[in-house]
Amino acid sequence: MKALLAPASIVAAVVLQTILGGLWPNLCRFFDLPLIPVLYYAVARGPRGALVAGITAGLLQDSLEATLLGLNALSKALAGYLVGVLGLRFALVPLILRVLVIAAATVVSRSTEVATLAIMGKRLSFIPDPHLIQSVIGNCVLGIMLLSAPRRGTAR
Amino acid sequence: MYRFLRERRPEVLLIAVSALLFILMAVQVRGNGASGSERLLLRLISPLVRAAAVVSGGVSGVWSGYVDLRDARARTEGLEADLTRLRVKAHETEETLRENERLRALLDLKQVLPVSSLAAKVIGNKSLGLSRTLLVDRGSADGVRQNMPVVVGDGVVGRVWTVAPHLAKIQLITDSDAGTAVLVQRTRVQGILQGRGDDVCAMEYVSQHDDVQEGDLIVTNGLDGIYPKGLPVGPVERTAPGPGEMRIIAVTPRVKFNRLEEVLILLSSEIGTGATPGPEGS
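Residues numbered from 1 in each chain as written. Chains lettered and ligands numbered in written order. Predicted model: local features only at pLDDT ≥ 70, side-chain atom pairs only at ≥ 80, totals over all residues. Heavy atoms only, no water.

Here we come to the overall build of chain B. Secondary structure summary: chain B contains three helices and twelve strands in total. Residues counted as buried form 36% of the 282 residues belonging to chain B. Here chain B displays about 16700 Å² of accessible surface, and carbon together with sulfur accounts for 56% of that area. (Helix = DSSP H or I, 4+ residues; strand = E, 2+ residues; numbered from the N terminus. Buried < 20%, exposed > 50% of the residue type's maximum accessible area, 1.4 Å probe, protein only. Areas by Shrake-Rupley, 256 points an atom, 1.4 Å probe, with all protein chains shown as cover.)

Counting residues in each nonpolar core, the largest one holds 45 residues, and the members touching the most others are Val 157, Val 160, Met 203, Leu 260 and Val 263 of chain B. Leu 51, Ile 55, Leu 69 and Ala 73 of chain A belong to the second-largest nonpolar core, a separate cluster that totals 17 residues. (Core = buried A, V, L, I, M, F, W, Y, C linked by side-chain atoms within 4.5 Å.)

Bringing the environment of Gly 46 of chain A into the picture now. All names here are of chain A. Structurally, Gly 46 is set in helix α2 (residues 35–64). Overall, the relative accessible area of 3% leaves Gly 46 in the buried class. Considering only alpha carbons, one finds Gly 46 and Leu 86, 40 residues apart in sequence, at a separation of 8.8 Å.

Right, let's talk about the pairing of strand β10 (residues 232–241) of chain B for a bit. Residue and element names in this part refer to chain B. In terms of strand pairing, strand β9 (residues 217–220) meets β10 through three bridges, oriented antiparallel. Across the sheet, residue Val 219 finds its bridge partner in β10, namely Pro 232. Where β10 lies against strand β11 (residues 247–251), five bridges are found, and the strand directions are antiparallel. Bridge assignment links Arg 238 to a residue of β11, and that residue is Ala 250. Linkage of β10 to β11, two consecutive antiparallel strands, is achieved through a turn of five residues, within which Gly 244 is found at a positive phi near 65°. (Pairing = 2+ DSSP bridges.)

Residues and elements named next belong to chain B. Around the barrel, which closes on itself, the six strands sit in the order β6-β7-β8-β11-β10-β9 with antiparallel pairing between neighbours. Put simply, the sheet's adjacent strands are angled 40° from each other on average, direction ignored. As defined by bridge partners, strand β8 (residues 201–204) adjoins β11 across three bridges and the pair is classed as antiparallel. Its bridge partner lying in β11, Ala 202 is registered against Ala 250. (Axes fitted to C-alpha atoms, helices over the stretch in contact; angles between N-to-C directions.)

Our next topic: the pairing of β9 of chain B. As judged from the three bridges shared by strand β6 (residues 179–184) of chain B and β9 of chain B, these two strands associate in the antiparallel manner. For Val 184 of chain B, the partnering residue across the bridge sits in β9 of chain B and is Ile 218 of chain B.

Looking now at a nonpolar patch on the surface. Residue and element names in this part refer to chain A. Together, Ile 133, Ile 137, Val 141, Met 145 and Leu 146 make up a nonpolar patch on the protein surface, roughly 540 Å² of accessible area in all. Note on placement: Ile 133 falls in helix α5 (residues 131–146). Using a relative accessible area of 60% as the deciding quantity, one classes Ile 133 as exposed. (Patch = residues over 30% accessible without salt bridge, like charges linked within 9 Å, V, L, I, M, F, W, Y side chains within 5 Å. Salt bridge = Lys/Arg side-chain N within 4 Å of Asp/Glu carboxyl O.)

Here we come to empty space enclosed by the protein. Residue and element names in this part refer to chain B. For the coordinates displayed, the defined rule picks out two cavities of 30 Å³ or more. Empty space within the second largest cavity amounts to approximately 40 Å³. Forming the boundary of the second largest cavity are Arg 159, Gln 171, Leu 172, Ile 173, Ala 178, Gly 179, Thr 180, Ile 226 and Tyr 227. Listed by contribution, the elements that provide at least two residues to the lining of the second largest cavity are β5 (167–172) and β6. Across the lining of the second largest cavity, the residue classes tally to five nonpolar, three polar and one charged. (1 Å grid on protein atoms, 1.4 Å probe; cavity = no way out; pocket = protein on both sides within 12 Å on 5 of 7 lines; lining within 4 Å. Points joined across faces, edges and corners; volume = space filled by probe spheres on them. Nonpolar A, V, L, I, M, F, W, Y, C, P; charged D, E, K, R; others polar.)

Residues and elements named next belong to chain B. Phi is positive for Arg 188, which is not a glycine, with a value near 65°. Tracing the chain through its elements places Arg 188 in the loop between β6 and β7 (190–194). Looking at Arg 188, the relative accessible area reads 46%, which means it is partly exposed. The backbone of Tyr 205 shows a phi angle near 60°, a positive value even though the residue is not glycine. Locating Tyr 205 in the fold gives a position in the loop between β8 and β9. Its relative accessible area of 59% is what places Tyr 205 among the exposed residues.

Glancing now at the confidence of the model for chain A. Residues and elements named next belong to chain A. This prediction gives chain A a mean pLDDT of 79; 78% of its residues lie at or above 70. Taken element by element, chain A is modelled with least confidence in helix α6 (residues 151–155), mean pLDDT 44, and with most confidence in helix α3 (residues 71–89), mean pLDDT 89. Predicted confidence is poor over residues 149–156, with pLDDT under 50, and the contacts of this stretch with residues over four places away or in other chains come to 19 contacts. (pLDDT = per-residue confidence, 0-100. Contact = heavy atoms within 4.5 Å.)

Looking now at helix α4 (residues 95–119) of chain A. Along its 25 residues, α4 of chain A runs 36 Å from first to last C-alpha, staying within 8% of the 36 Å computed at 1.5 Å per residue. Downstream of α4 of chain A by a residue or two, Gly 121 of chain A has a phi angle that is positive, lying close to 75°. (Expected span 1.5 Å × (residues − 1).)

So, about the environment of Val 43 of chain A. Residues and elements named next belong to chain A. Take Val 43: it is sitting in helix α2. The buried category is assigned to Val 43, whose relative accessible area is 11%. Remark: the alpha-carbon pair of Val 43 and Ala 91, spanning 48 residues in sequence, is separated by 9.3 Å.

What follows is about the side chain of Asn 147 of chain B. Residue and element names in this part refer to chain B. Relative to the helices and strands, Asn 147 is located in the loop between β2 (131–136) and β3 (149–152). Relative accessible area serves as the criterion here: at 5%, Asn 147 is assigned to the buried category. One polar contact links Asn 147 to Arg 159, side chain to side chain, over a distance of 2.6 Å. (Polar contact = N/O pair within 3.5 Å; in protein donor to acceptor, adjacent residues only side chain to side chain.)

Below, the discussion takes up the environment of Leu 142 of chain A. Residues and elements named next belong to chain A. Within the secondary structure, Leu 142 sits in helix α5. A residue is classified by how much of its surface remains accessible, and Leu 142, at 17% relative accessible area, is buried. Taking C-alpha positions, Leu 142 is 7.5 Å from Phe 31, a pair spaced 111 residues apart along the chain. Setting aside residues up to four positions removed in sequence, Leu 142 forms contacts with Phe 31 and Leu 33.

Now the structure itself:
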């Protein structure tokens, strides 16, 4: 039952993002819901768990979006991996630290998307995405609200 | 080499995954369409996509339905308020039209009548016991004097009973103390119309030999010195043998006293000085 919790939360996040995106397109610019469980599992289960969660969430998201299959998977896997590595070395307990980690992960995820698209010749403009700051703020608020303190992270 | 890979397994995994994903994306870009892997993944997750679409559509439908319902509710409330305002306005218009009709009838009557008259608004209608009176908004300041006759288009209403500067009390012909000199229009048979305190008056002092039939119109005969001659009162409702040589004649006034809103007070000096004294004269 516990093993199903991880994929279920990821699927729920992707579905919720899709539903909310349909209802309030503008509101969805403010957060990347699938990134939150990826970050949770990055802190809770380390880089390998983050990779699996990131690829799963990303592929599901890609399949629901009109984009390159693997784009979100790569960006979320990379962001999750980095946070997982960070969680192995630091106790991400203080609130400000968590906010910083979520903000950094969001920036990494979005930057990876932009860079990958540029490499693939899909998007050559490197002008900062105007929605990036909105995403950072929204993800931080949502992440702090949704994430309970990962025990593994606090134990280190 | 193997040891290095074991020690750096996460990093190796990341690189491997990234490389795979890059290849996947590159294939899509080069192929300019859906690759086999994409089709496979899409096939695998299509149930989820469809479920998400159904859920999204359902939630969206519920939400838009809710929003529409709220909009509809707000619009309904606005329309109901408009409807209420329009109803009030229509009612006011109808009232104005009816008042206009009544006043026009009074005006017509005023032009027909041989004496000058004054329109007055009914401000009170009192029926206490056998007493039947009206209060109007004209008084001595307007030239109203005691015993002046009061009429409407349908016929005789009564006479001025008491006068204040800006108010007058009218005794209706149905008042139990009211007596009016009348005649049968068809046969000119004369009598006294006596009020009984209800909606029907009695025409008295008519012989059993006189020709009076149901439906005959009763009009004033002018002999009481109050009402001008020829004002309609109402039709004979029924006749019956009375005591001795007399007969009982029931007359229903045409005027609907409980629906009066405006009346005409006849101001002529030749009338209104009749023999029947009011309370101020007695």
